[in-house]
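# Chains, contacts and geometry: an overview
For reference, the chains in residue letters:
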Amino acid sequence: MTIKSAQARSSLALLIEEKLGYAMTKQIKPVQANGRYTQNNAQQNNFFVSSQHGTLKRALKRQQLKKIQRQQNIEAVMGMSLTLCPDVTSRGRPDPDWLEHFISLAEDIANHTMQKLWAKILVGESIAPGTFSIKSLQTLKLMTQREAEALQKCASLCGYLEKEDSYLIILGFYKKPSILDLLRKGSTETINLAQAGLSFPHILTLMDINLMYRQEIESANLQKGQSLTLIYQNKKVNFEAKSNDLVLSYYKLTQTGDELKKLINTPVNKTYRQLLSKTLEDEFTLTFE
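Reading guide: rules and limits
Residues numbered from 1 in each chain as written. Predicted model: local features only at pLDDT ≥ 70, side-chain atom pairs only at ≥ 80, totals over all residues. Heavy atoms only, no water. Helix = DSSP H or I, 4+ residues; strand = E, 2+ residues; numbered from the N terminus. Buried < 20%, exposed > 50% of the residue type's maximum accessible area, 1.4 Å probe, protein only. Contact = heavy atoms within 4.5 Å. Polar contact = N/O pair within 3.5 Å; in protein donor to acceptor, adjacent residues only side chain to side chain. Pairing = 2+ DSSP bridges.

## Regarding the environment of E218
Its place among the elements puts E218 in strand β8 (residues 217–218). Residue class for E218 comes out partly exposed when judged on its relative accessible area of 46%. In this view, E218 contacts Y174, V247, L248, S249 and Y250; residues no more than four positions away in its chain are not counted. Within the local environment of E218, its side chain forms a polar contact with the side chain of Y174, the two groups lying 3.0 Å apart.

## Observations concerning the pairing of strand β11 (residues 246–252)
The element β11 is largely enclosed, with a buried count of seven among its seven residues. Direction of pairing for strand β6 (residues 166–175) relative to β11: antiparallel, over a ladder of seven bridges. Bridge pairing in β11 places G172 opposite S249. Pairing analysis gives two bridges linking β8 to β11, with the strands arranged antiparallel.

## Here we look at the side chain of T254
Assignment of secondary structure puts T254 in the loop between β11 and α8 (255–261). Contacts of T254, omitting those with residues within four sequence positions, involve N210, L211, M212 and Y213.

## Brief notes about the pairing of strand β9 (residues 227–232)
With six bridges connecting them, β9 and strand β10 (residues 235–241) associate as antiparallel partners. Of the residues in β10, the one forming a bridge with S227 is E240.

So this is what it looks like as structure tokens:
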């Protein structure tokens, strides 16, 4: 047995003991075949719990360990929430049913980073009840590491549209053809989001878990001088049209996506900001406040 395999087995054995409450030891048991006893190590389970306690007592101990772990998890989340909570005025108490759902979901979260996200949810709901839906809690609970990574990358590209209380990612724009020149195609410019770290598989992942709408969305027809204002990390960016009949295209987060995006405070993606300015500079004046 190599050192690496020995370390892996030792680590696995320790993990199993933590979860079962009992160590497992190797025990060769004979297997009867054709009236004779033989050993078949490849197919038989050679490891058994090392304890004089019966199966029922061992099961009860495992349940106790699980309850202890859950209690430690929810205490960690609630402790973090007190640490993170700002000194502001609360608009009321969270709905009792919402709080029960929160506890039943958060008590299974053992990862420190994820516990911090759940703590932020509790803080947000305590300050402004109704901020996070139960659906968002369930989505967060079921999110895989790959899905969480996609949301993280998405968050650094999102601009906040205040009038709709929603987040979106500008994809580009197109100019509608003039009525006098219907045969001419309108000019279109599109940003390659993959260059800013948000690949198409990431986008599909966000769509599949209902954090982003599947259809690209278009702004109203902007005339010269009209503008759209988005907020990136508390800094306003104003997109002012230089000519008539300009339409911005973008991906929009769903309500669940909006709620979970609020948990992630990431700096604006510098590459995306450069791509945004370069793509729109001919037809839009971008003002950063």
